[in-house]
Amino acid sequence: MNKKIDHMFTMSRLLVVAGKGGVGKTTVTAVIARASADAGLRVLVVTLDSRPGLAELLGGSPSDGADYDGTMIQTHLGAAKTGSIQMRTVTAGEALQDYLATQGLALLAKRLVSSGVVGVVASAAPGIDDLLVLGKLKHLVGLTGPDGDHDLIIVDGPAAGHAVSFLQAPAAMAETISGGPLRSQAIEVRSMLQDPQKCRVVMVTTPETTPVNELIETTEKLTQSVGVAFAPVIVNGVDISSEVSSLVANGEIPDGVLGDAMRYRATRSALHLQAIDRVHERMAVGSFALPHIATASLQAHDVVVLADIMRKAVGEPA
Amino acid sequence: MSPKKVQSFSDIITTSRIIVCCGSGGVGKTTTAAALAVQAAHTGRRVVLITIDPAKRLADALGLDGLSNDPSRVDLACSGELWAMMLDARSTFDDVIRRESRDLEQQQAILENPFYSNIASRLSGSQEYMAAEKLYELSNDARFDLVVVDTPPSREALDFLDAPQKLMNFLDHRVYRWLVMPARGGLRLLNFAAQPILKTIGRVIGADVLADAVNFFQAFDGIEDGFRQRSVAVQELLKSSSSTYIVVACAHNDTIQEAIYFTEQLAEANINITGVILNRLQPPFGKGSSAASLTAARKADKTGDSAVAVLYRNLAHLRSLAEAQENALKPLLESSSGAVVVRLYQRAEDVHDLEAIAELGRDLVATTTTR
């Protein structure tokens, strides 16, 4: 069922995780982070809105990684004890201060932020806030590699609708702004997004028709308007019971709740299989199914279990 | 005035004038809002449903093509009427500008300004405000006696309630007052664009972008009063007893936490949640426990009846998930103690056509509400 996901952790320096609300984007971010750290990589997890829960899924405390400087949550992971997970939050305001500082405007940056002028700047041009955040990510990507701080950066991206406008921002700004430092920034970020060795998008979906439809739509939009490459798609929450399905197929259905329960599970299993097949057909880059965990509150130990399944499918990085 | 005590979702759809559906993304808010609207139309009411970015199949089921920012009649055999529309925040904003502008010249100066395009389509809160604006407009439309609105996905329930105020604050911001001021003093744009701080901003974001912003606020000058009055009226409506709030949640810890946060935020704004819809719950299949089914599975293992063991193990699996969900839901039920609660179970098949939505609507009113 899981094909072509080799090298998922090393195919690119930056993985942006995207998917519509409720598909488990944050869970998948945590699973990929844990799996790649267990494979020995030094991972930086970036959240854009300090989404609650992510730090805990990674085994940290709720407040970990909520600030710009970040928190080291896990170290000494993997067989060679080299794997680690650091988490930080990147917001547009802080990215702007950073950016102005690199332009030699550090003092002014403070004044701009405190006077509310940042609000003006952030709303003055389409997507300037997104560009600033992506600019910061590009800077962080520049610091990855054997001699750098991290091997892989994973971003818990914005929800699907926003993912398109978020990743489109640099291309849009490169067109709207006629000159100046932001324009060069936009052009540089755009070329990073279009370089598959530097950046890929991980689309997440649940194995149901409507989310898969939206996944296909979003993927097409991102390909056309951003030119970004994709990592294997993660189909999250897959529940397939082949034993139940084969009993139903053999017509061995008893009356009462036992029969109702098996028909229900078999129908769900068939829907999930169908959805996975559609993702396989439509997404040339491959896909990976994460099994459903029968719980209402996923915990860090569940993430470890799922990460183990993913790591085995990806293999150890060379 | 204190609103009448509602006992069931049947009461909610027959007595409310406005139903606001809140909830985080992916909980099935649009589908449940549609189910409420369909069911209300079946009780004879003339209902209009405002949806925000519905999935394509749902939009198709409701006959929405996204071309119009006005409601169109849904082909539904019922004793009332069902109308639906897909919110187009940009066109709604354009309509507001057209209504409030003093003349055609001002209207054009605003509508054609690139900075305005950005605010209308991207400024945080503008989609929420336009949903509220449309709600206000349709609640005063004699064609309808119930408006059901699906709110934009948000982690802040108050985004929707506060959006009118937030937008006013934005347009009223002292920085903008200050941007517009020199023009009022008769200074030319050129002069004040030469001020050091503006020069610096211009250097970073580009001088033409800044000029658009300044032009926008100058063009906007004078119509804030109309905007403000309207936003006060919209906010009053949202906070009045005419508006009934419903929270939609699924049984996952994160969406439950978000739903609790929503109810707390609404309570702070003196708004009570009238109804809670627990959506896509795992059906428990009978009254027995997962432990009992597991015991039965083990018994079957011993007697070598493997097919029976599979059946009981399957039942145990589904029931244990249902039990875990009920446990996880407890804090939400506590935090919304005054509200009517309804449980909608996950269907074996996806809900995407009008018939399945209508069925969901029947379940909403038929299910006995239990805490």
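Residues numbered from 1 in each chain as written. Chains lettered and ligands numbered in written order. Predicted model: local features only at pLDDT ≥ 70, side-chain atom pairs only at ≥ 80, totals over all residues.

Things to note about the overall build of chain A
- Across its full length, chain A holds 12 helices and nine strands.
- Across the 318 residues in chain A, those meeting the buried criterion constitute 49%.
- Nonlocal contacts in chain A, meaning residues at least 24 apart in sequence, comprise 72% of its contacts between residues at least 6 apart. (Helix = DSSP H or I, 4+ residues; strand = E, 2+ residues; numbered from the N terminus. Buried ≥ 20, exposed ≤ 12 C-beta atoms within 10 Å, placed from the backbone. Contact = placed C-beta atoms within 7 Å.)

Things to note about the pairing of strand β4 (residues 83–89) of chain A
Residue and element names in this part refer to chain A.
- The element β4 is largely enclosed, with a buried count of seven among its seven residues.
- The alternating pattern of β4 places G83, I85, M87 and T89 on one face and S84, Q86 and R88 on the opposite face, and all of these are buried.
- Where strand β2 (residues 42–47) and β4 come together, six bridges link them in parallel fashion. Bridge pairing in β4 links V45 to M87. (Pairing = 2+ DSSP bridges.)

Some words on the packing of helix α9 (residues 209–225) of chain A against helix α11 (residues 256–282) of chain A
Residues and elements named next belong to chain A.
- Running from amino to carboxyl end, α9 crosses α11 at an angle of 10°, the nearest separation of the two axes being 10 Å. The angle between the axes of α9 and α11 places the two elements in the roughly parallel class. Along the contact surface, α9 presents T209, V212 and I216, while α11 presents A275, R278, V279 and R282.
- Classifying every residue of the contact of α9 with α11 by side-chain character gives four nonpolar, one polar and two charged. (Axes fitted to C-alpha atoms, helices over the stretch in contact; angles between N-to-C directions. Parallel < 35°, antiparallel > 145°, perpendicular 65-115°, else oblique. Nonpolar A, V, L, I, M, F, W, Y, C, P; charged D, E, K, R; others polar.)

As for the sheet that holds strand β6 (residues 243–250) of chain B
Residue and element names in this part refer to chain B.
- Read across the open sheet, the eight strands follow the order β3-β4-β2-β5-β1-β6-β7-β8; overall the sheet is mixed. Edge positions in the sheet fall to β3 (72–73) and β8 (340–345), since each of these pairs with one other strand and no more.
- In terms of strand pairing, β3 meets strand β4 (residues 81–86) through two bridges, oriented antiparallel. Paired with R73 across the two strands is W83, which belongs to β4.

Structural notes on the packing of helix α3 (residues 92–102) of chain A against helix α6 (residues 128–142) of chain A
All names here are of chain A.
- Close contact between α3 and α6 brings their axes to 8 Å; oriented N to C, the two are set at 65°. Between α3 and α6, the crossing angle belongs to the class labelled roughly perpendicular. In the packing of α3 onto α6, the handedness of the crossing is left-handed. On α6, the residues that touch A92, A95, L96, D98 and Y99 of α3 are D129, L132, V133, G135 and K136.
- By residue class, the composition of the contact of α3 with α6 is six nonpolar, one polar and three charged. (Left-handed = near helix turned anticlockwise from the far one by under 90°.)

With respect to the confidence of the model for chain B
Residue and element names in this part refer to chain B.
- Confidence in the prediction of chain B, expressed as mean pLDDT, is 85, and 86% of residues score 70 or more.
- Across chain B, strand β2 (residues 46–51) holds the top mean pLDDT of 96, while helix α10 (residues 189–193) sits lowest at 47.
- The low-confidence segment residues 184–191, where pLDDT is below 50, has five contacts with residues more than four positions distant or belonging to other chains.
- Among the prediction metrics, the complex's ipTM stands at 0.86, with pTM recorded as 0.89. (pLDDT = per-residue confidence, 0-100.)

Comments concerning the domain arrangement of chain B
All names here are of chain B.
- Partitioning chain B into domains gives domain 1 (9–285 + 325–366) and domain 2 (290–324).
- Taken together, the contact pairs eight residues of domain 1 with seven residues of domain 2.
- Tallied by class, the residues present in the side of domain 1 that touches domain 2 amount to four nonpolar, three polar and one charged. (Domains from an automatic or database assignment.)

Looking at helix α12 (residues 207–220) of chain B
Residues and elements named next belong to chain B.
- For α12, spanning 14 residues, the distance from its first C-alpha to its last is 20 Å, which sits close to the expected 20 Å at 1.5 Å a residue.
- For α12, the full list of buried residues reads V209, L210, A213, V214, N215, F216, F217, A219 and F220.
- Directly beyond the C-terminal end of α12, a positive phi value near 105° is found at G222. (Expected span 1.5 Å × (residues − 1).)

Comments concerning the environment of V279 of chain A
All names here are of chain A.
- Tracing the sequence through the fold places V279 in helix α11.
- A count of 23 C-beta atoms within 10 Å places V279 in the buried class.
- Residues V279 and D69, spaced 210 residues apart in sequence, show a C-alpha to C-alpha distance of 37 Å.
- When residues no more than four places from it in sequence are discounted, the contact partners of V279 are T205, V212, V233, V235 and S287.

Structural notes on the pairing of strand β3 (residues 71–77) of chain A
- Relative to β4 of chain A, β3 of chain A runs antiparallel, the two being bridged by four bridges. For Q74 of chain A, the partnering residue across the bridge sits in β4 of chain A and is I85 of chain A.

Regarding unusual backbone geometry
Residue and element names in this part refer to chain A.
- Phi at H76 is positive, roughly 55°, even though this residue is not glycine.
- With a phi angle near 60°, K81 is a residue other than glycine that sits in the positive phi range.
- Residue position: K81 is located in the loop between β3 and β4.
- On the basis of neighbour count, K81 is assigned to the exposed category, with 10 C-beta atoms found within 10 Å.

Observations concerning helix α14 (residues 253–268) of chain B
Residues and elements named next belong to chain B.
- For α14, built from 16 residues, the straight-helix expectation of 22 Å at 1.5 Å per residue is met to within 8% by its first-to-last C-alpha distance of 23 Å.
- Every buried residue belonging to α14 is among D254, T255, I256, E258, A259, F262, T263 and L266, and all of these are buried.
- After α14 finishes, the residue N270 shows a positive phi value of roughly 65°.

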